[in-house]
Amino acid sequence: MALEKELETFKAKLPELNGQEGKFALVHGDQLVDVFGTYEDAIKEGYKLFQLDPFLVKQIQATEQVQFITRLLVAPQ
Amino acid sequence: MPHFTLQFGAEGPVVTAMIGPSGPRLLALVAAKRPVPTMVQIRALIDTGATCTCVDPSVLKQIGSTPTGKALVHTPTTAGVPQQVDQHDISLAIPGATPSTPPLAVPTLAVTEHVLAVQGIQALIGRDVLSACLLTYNGSMNLVTLCY
């Protein structure tokens, strides 16, 4: 799966992000690049710094909010 | 407030929408001198049962999207255990009622990737988009009005 390394980095850095809940972290490889107030700002900076290379944007939440989609008939891959 | 009203049938409130790369990705594609994909016209179901907007992988492939996020998702098929799925940044536009009415446009939207084409639709418009709208569902007349 894509972005496995970035997700690991995000999880490892999460304790350091205490107090930034609701903001969006930009992660590239094993580097937490910065934290942004909005999703759009984090995405903009990601493309500006890394162009089309993989990067992860993820909201900082002490307990990750799970999305609910009742309509799906096919299991996520 | 711009709005449109839609007469729907048995499949529910399905709208025609346009999906393309997000604004920031578009700029990155241009800077990298890569082909810029055109917006793809899709059928999308307005779905208050979806907390987030979802798009079929075939559409994401057409616009050359790659994941920029991960999300935990519960569906009827995940048996109570949320699963990690890919998230993409896209742009979404739903045309207004008339050519002079502005579209419902979201230039940068996080969407999750799910197989939907088997249901005859390519996207679910979830509550993340609807949270900025006024949705009226008139079941007795099969009408939906979306103000945005």
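No experiment lies behind these values; they were computed from the predicted model shown.

Scanning chain B from N- to C-terminus turns up 3 helices and 10 strands. Shown N-terminal to C-terminal, the secondary structure of chain B runs as helices and strands in the order β-β-α-β-β-α-β-β-β-β-α-β-β. Taking 148 residues into account, the globule formula puts the C-alpha radius of gyration at 15 Å, and chain B, at 16 Å, falls close to it. In chain B, which comprises 148 residues, the share counted as buried stands at 55%. For chain B, restricting intrachain contacts to residue pairs at least 6 apart in sequence, the fraction spanning at least 24 positions comes to 66%. Taking the 7 positively charged and 7 negatively charged side chains of chain B as two groups, their mean positions are separated by 10 Å.

Turning our eyes to something else, we now look at the interface of chain B and chain A. Contacts between the two partners involve 44 residues from chain B, matched on the other side by 31 residues from chain A. Summed over both sides, the interface of chain B with chain A buries roughly 3300 Å², with 62% coming from carbon and sulfur. Counting across the interface, chain B meets chain A through 1 salt bridge. Measuring nitrogen to oxygen at the nearest pair gives 3.9 Å for the salt bridge that ties B:Lys70 to A:Glu4. Taken together, chain B and chain A are joined by 14 residue pairs in polar contact (both at pLDDT 80 or more).

Moving on: the packing of aromatic side chains. All names here are of chain A. Tallied over the full model, the rule gives 5 aromatic pairs over all chains. Ring geometry for phenylalanine 50 and phenylalanine 55: centres 6.3 Å apart, planes at 40°, overall tilted. A relative accessible area of 12% places phenylalanine 50 in the buried class. Residue class for phenylalanine 55 comes out buried when judged on its relative accessible area of 1%.

Turning our attention to the pattern of salt bridges. Residue and element names in this part refer to chain B. Going through the model one piece at a time under the given rule, you end up with 4 salt bridges over all chains. Here glutamate 11 makes a salt bridge to arginine 43, at a shortest N to O gap of 2.6 Å. Taken together, the residues glutamate 11 in the loop between strand S1 (3-7) and strand S2 (14-21) and arginine 43 in strand S3 (residues 40-46) connect sequence positions 32 residues apart. Judged by relative accessible area, glutamate 11 falls into the partly exposed class, the value being 43%.

Conventions we followed
- Residues numbered from 1 in each chain as written.
- Chains lettered and ligands numbered in written order.
- Predicted model: local features only at pLDDT ≥ 70, side-chain atom pairs only at ≥ 80, totals over all residues.
- Heavy atoms only, no water.
- Helix = DSSP H or I, 4+ residues; strand = E, 2+ residues; numbered from the N terminus.
- Rg over C-alpha atoms; globule rule 2.2 N^0.38 Å.
- Buried < 20%, exposed > 50% of the residue type's maximum accessible area, 1.4 Å probe, protein only.
- Contact = heavy atoms within 4.5 Å.
- Lys, Arg positive; Asp, Glu negative; His and termini not counted.
- Charge placed at Lys NZ, Arg CZ, Asp CG, Glu CD.
- Buried area = accessible area lost by both parts, 1.4 Å probe.
- Salt bridge = Lys/Arg side-chain N within 4 Å of Asp/Glu carboxyl O.
- Polar contact = N/O pair within 3.5 Å; in protein donor to acceptor, adjacent residues only side chain to side chain.
- Phe/Tyr/Trp six-rings, centres within 6.5 Å; stacked < 30°, edge-to-face > 60°.

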